Amino acid sequence: MNSNGREKTVVICETQPVTSEGIRSTLESCYDLKLVGTASSLSLGMEMVKNLQPTVVLIDKALGLQGVLDWLGALRMEGKITAPVVWGVSMNEAEALRMMQSGAQGVLRKTVDPETLLVCLQTVANGTSYMEQSMLQEAEKAARHSRSNLTPRELQVVELVEHGLKNKEIAGTLGIRPGTVKIHLKHIFEKTGVRGRYGLALSGLKEKGLLASSPM
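None of these values were measured; they are calculated from a predicted model.

Q: So what's going on with the overall build of the protein? Residues and values would help.
A: From N to C terminus, the protein includes ten helices and seven strands. For the protein, with 216 residues in total, the buried portion stands at 48%. As presented, the protein carries roughly 10700 Å² of accessible surface, and 52% of it is formed by carbon and sulfur atoms.

Structural data, given as structure tokens:
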């Protein structure tokens, strides 16, 4: 049982039945996670989440990138306590960040070994977000650079970048020009040593202790 008395349960939303069976076998050796259902479509997966209220749902990115992003948004709107983990045969850094910003609590590739999959599911079930180590190289590099020398306005810009806002949206939120946002970002990158919005967003999650990863 977890801290709120609920058993830690898992639902799989997967395109390949053979993969679902492989995950089932893997979970059978795990004492603290129990598989309670499998679905082959996003709609059926959402139905299972509503009915079974699992601790974690594992979603196949092959169900469609935009469809999965919309599904994550719908899950968040529903206010469900289920934590989603998205995995796929291919997953680039930009896609991983979009998944996290849309509500995913875990992101990893299907090339991981069973042990890493279990670590991801257990980490997310315990309330911490998780991302595969190979997707975190930029964030690890940024972790060596402090944000303490950023101005209050620069920190505001960083916070909005972490939430996935574009330059125009940041400008509207802060009441400044998009060109001013670009200048702020240039200074932020110079001060932190981060290169790109992806690294900036992920380093923020790491600094706040909201993101775990597998060992190298």
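Q: Give me the lowdown on helix α9 (residues 178-192), citing residues and values where you can.
A: Taking 1.5 Å per residue as the helical rise, α9 with its 15 residues ought to reach 21 Å, and the 21 Å between its terminal C-alpha atoms agrees with that figure. Looking at α9, one finds that the buried residues are Val-181, His-184, Leu-185, Ile-188, Phe-189 and Thr-192. For α9, the buried positions fall inside an angular range of 135 degrees around the axis, keeping them on one side.

Q: Provide a residue-level description of the side chain of Thr-9, including the pertinent values.
A: Structurally, the position occupied by Thr-9 is in strand β1 (residues 9-13). For Thr-9, a relative accessible area of 8% translates into the label buried. Not counting residues within four places of it along the chain, the set of residues in contact with Thr-9 comprises Lys-34, Val-36, Gln-53, Pro-54, Thr-55 and Val-56.

Q: Break down the pattern of salt bridges for me, with residues and values.
A: Inspection of the entire model under this criterion finds seven salt bridges. A salt bridge links Lys-110 to Asp-60, with the nearest nitrogen and oxygen atoms 3.0 Å apart. Placement of the pair is Lys-110 in the loop between β5 (106-109) and α5 (114-125) and Asp-60 in strand β3 (residues 56-60), with a sequence separation of 50 residues. By relative accessible area, Asp-60 is classed as buried at 1%. Across the pair Glu-154 and Lys-191 runs a salt bridge whose closest N-O atoms are separated by 2.9 Å. Pair noted here: Glu-154 is in helix α7 (residues 152-162) and Lys-191 is in helix α9, with a separation of 37 residues, a long-range link. On the basis of relative accessible area, Lys-191 is assigned to the partly exposed category, the value being 32%.

Q: Residue-level account of the pairing of β5, with values.
A: Of the two faces of β5, both are covered, the one formed by Gly-106 and Leu-108 as well as the one formed by Val-107 and Arg-109. Pairing between strand β4 (residues 83-88) and β5: four bridges, direction parallel. By the bridge assignment for β5, Val-86 is matched with Val-107. Regarding topology, helix α4 (residues 93-102) serves as the crossover connection from β4 to the parallel β5, and that connection is right-handed. Summarising the sheet, β5 and strand β6 (residues 129-131) pair through two bridges and their orientation is parallel.

Q: Quick rundown of the nonpolar core? Include the residues and the values.
A: Ranked by size, the top nonpolar core spans 26 residues in total, and within it Ile-59, Trp-71, Leu-72, Val-86, Met-99 and Val-107 carry the most contacts. Mapped onto this core, the elements with two or more residues apiece are β1, α2 (42-52), β3, α3 (65-78), α4 and α10 (197-207). Take this core: its biggest share by element is five residues, from α3. When near neighbours in sequence (up to four residues on either side) are disregarded, Val-86 contacts Ile-59, Lys-61, Val-68, Leu-72, Met-91, Met-99, Ala-104, Gly-106, Val-107 and Leu-108. Formed by 21 residues, the second largest nonpolar core is a distinct cluster that contains Val-85, Leu-108, Val-112 and Tyr-130.

Q: Please provide a residue-by-residue account of unusual backbone geometry, values included.
A: Phi is positive for Gln-53, which is not a glycine, with a value near 45 degrees. Tracing the backbone through its elements, the reader meets Gln-53 in the loop between α2 and β3.

About the thresholds
Residues numbered from 1 in each chain as written. Predicted model: local features only at pLDDT ≥ 70, side-chain atom pairs only at ≥ 80, totals over all residues. Heavy atoms only, no water. Helix = DSSP H or I, 4+ residues; strand = E, 2+ residues; numbered from the N terminus. Buried < 20%, exposed > 50% of the residue type's maximum accessible area, 1.4 Å probe, protein only. Areas by Shrake-Rupley, 256 points an atom, 1.4 Å probe, with all protein chains shown as cover. Expected span 1.5 Å × (residues − 1). Arc of directions from axis to C-beta. Contact = heavy atoms within 4.5 Å. Salt bridge = Lys/Arg side-chain N within 4 Å of Asp/Glu carboxyl O. Pairing = 2+ DSSP bridges. Right-handed = clockwise from strand over helix to strand, strands pointing away. Core = buried A, V, L, I, M, F, W, Y, C linked by side-chain atoms within 4.5 Å.

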